Amino acid sequence: MANDRLERFAHNLDWNLLRTFVVVVEEGSITAAANRLLLQQPAVSMALKRLEQTVGQKLIDRRPGRFDLTDAGARLHAQCRDIFAAVIRLPNVLETAGEEITGHLNIHVVSHAHNPAWDRKLESFFAKHPKATISVTVATTVDVLSAVERNIATMGLCDGNIPDWLNKAFHVRERYALYCGRDHPLFGVEGVDFNDLRGNAYIAFIADVLGGQHMNSVTAVRAIGSFGQQVRAVSCNVEEVMRLIAANIGIGMLPDHLAAAGVAEGRLWQLPPYDNLPTTDVFRISNPNSILNPAEAAFLAHVADTVPLDHCLEHHQN
């Protein structure tokens, strides 16, 4: 009986009402939504009223000086975003060329999550499926997660707090240490302690915000050492953070395997702590509810057994 009721609801729902609702929420007013939809204001108001009657819930609190989503409205808007993300991807799903696999892969990644096994997987996939295409976007932790959750990205390479409902597989582990540039007063100084670091300008990763949503072991070290309170610059790109540190804009944390060359060349100098350094894990993540085109489905299966890389073990062995 419950299934019958849900089927009747889906059959009777005018899907255009959902689009109107989304535009109303995005524009923040009935008038602005009507202008965007090229409709009269009463028609938009009536459409919103019909949708509220269909779902049996008040969706927007509309009073003089107020235009706020109700809890039901916020929940419906989140579902509508998923619906329209799926609709946007339909042309890709329908891409076929005989038995050849076609389609576009949209990969969102945090910077420098390097794993040679991943590179080999990319090479072998495109050798096998030459008509597939790919785009790679380097972004913040939050943006990578958002792209996967909203079905915009085929897959993400991401650190931070991964929601349990997403598919995830361990990809890379990195160990972080604190560094300064050649012209910093502490460059080349032995026996530096935490007290010497206080008051120094700090170069931070965007996700490395004290108390932020994706607080990790790197941020925890900052809190314990009481350094990095004066954030002078931020970036989501490891290479840019390294460049700013080497230019003596401030001190900052870097993956030690990436900083090793700068240390050897005399451009970087490691600062405390020297023991029990923080680590960050990067995962391959995907949305189990995503509608996949043929290339995406084949790619996720192809990379599922990618061998993870622990840079901490690699560094220890070297």
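Residues numbered from 1 in each chain as written. Predicted model: local features only at pLDDT ≥ 70, side-chain atom pairs only at ≥ 80, totals over all residues. Heavy atoms only, no water.

(A) Here's a closer look at the packing of aromatic side chains. Within this structure, the stated rule accounts for six aromatic pairs. Judged by centre distance (5.8 Å) and plane angle (85°), the rings of Trp118 and Phe299 are edge-to-face. In this pair, Trp118 is assigned in helix 6 (residues 116–128) and Phe299 in helix 11 (residues 294–302), connecting sequence segments 181 residues apart. Both rings, one in Phe125 and one in Phe126, keep their centres 5.3 Å apart while their planes meet at 85°; by these two values the pair is edge-to-face. Members of the aromatic cluster, joined through ring pairs, are Trp118, Phe125, Phe126 and Phe299. One residue, Lys168, lies across the ring of Phe283, its end atom 4.4 Å from the ring centre. (Phe/Tyr/Trp six-rings, centres within 6.5 Å; stacked < 30°, edge-to-face > 60°. Helix = DSSP H or I, 4+ residues; strand = E, 2+ residues; numbered from the N terminus. Lys NZ or Arg CZ within 6 Å of the ring centre and 35° of its normal.)

(B) Structural detail: helix 10 (residues 256–264). Among the residues making up helix 10, those that are buried are Asp256, His257, Ala259 and Gly262. In the segment just after helix 10, Gly266 is the residue with positive phi, at about 80°. (Buried < 20%, exposed > 50% of the residue type's maximum accessible area, 1.4 Å probe, protein only.)

(C) Geometry of a nonpolar patch on the surface. On the surface, Ile206, Val231 and Val234 cluster together into a nonpolar patch covering about 240 Å² of accessible area. One can find Val234 in strand 8 (residues 230–235). (Patch = residues over 30% accessible without salt bridge, like charges linked within 9 Å, V, L, I, M, F, W, Y side chains within 5 Å. Areas by Shrake-Rupley, 256 points an atom, 1.4 Å probe, with all protein chains shown as cover. Salt bridge = Lys/Arg side-chain N within 4 Å of Asp/Glu carboxyl O.)

(D) Seen up close, the packing of helix 2 (residues 15–27) against helix 3 (residues 30–37). Interhelical geometry of helix 2 versus helix 3 gives an angle of 120° and a closest axis separation of 8 Å. By the angle between their directions, the pair helix 2 and helix 3 is classed as oblique. Read as a crossing pair, helix 2 and helix 3 show a hand that is right-handed. Across the interface between the two elements, Arg19, Thr20, Val23, Val24, Glu26 and Glu27 of helix 2 pack against Ile30, Ala32, Ala33, Arg36 and Leu37 of helix 3. (Axes fitted to C-alpha atoms, helices over the stretch in contact; angles between N-to-C directions. Parallel < 35°, antiparallel > 145°, perpendicular 65-115°, else oblique. Left-handed = near helix turned anticlockwise from the far one by under 90°. Contact = heavy atoms within 4.5 Å.)

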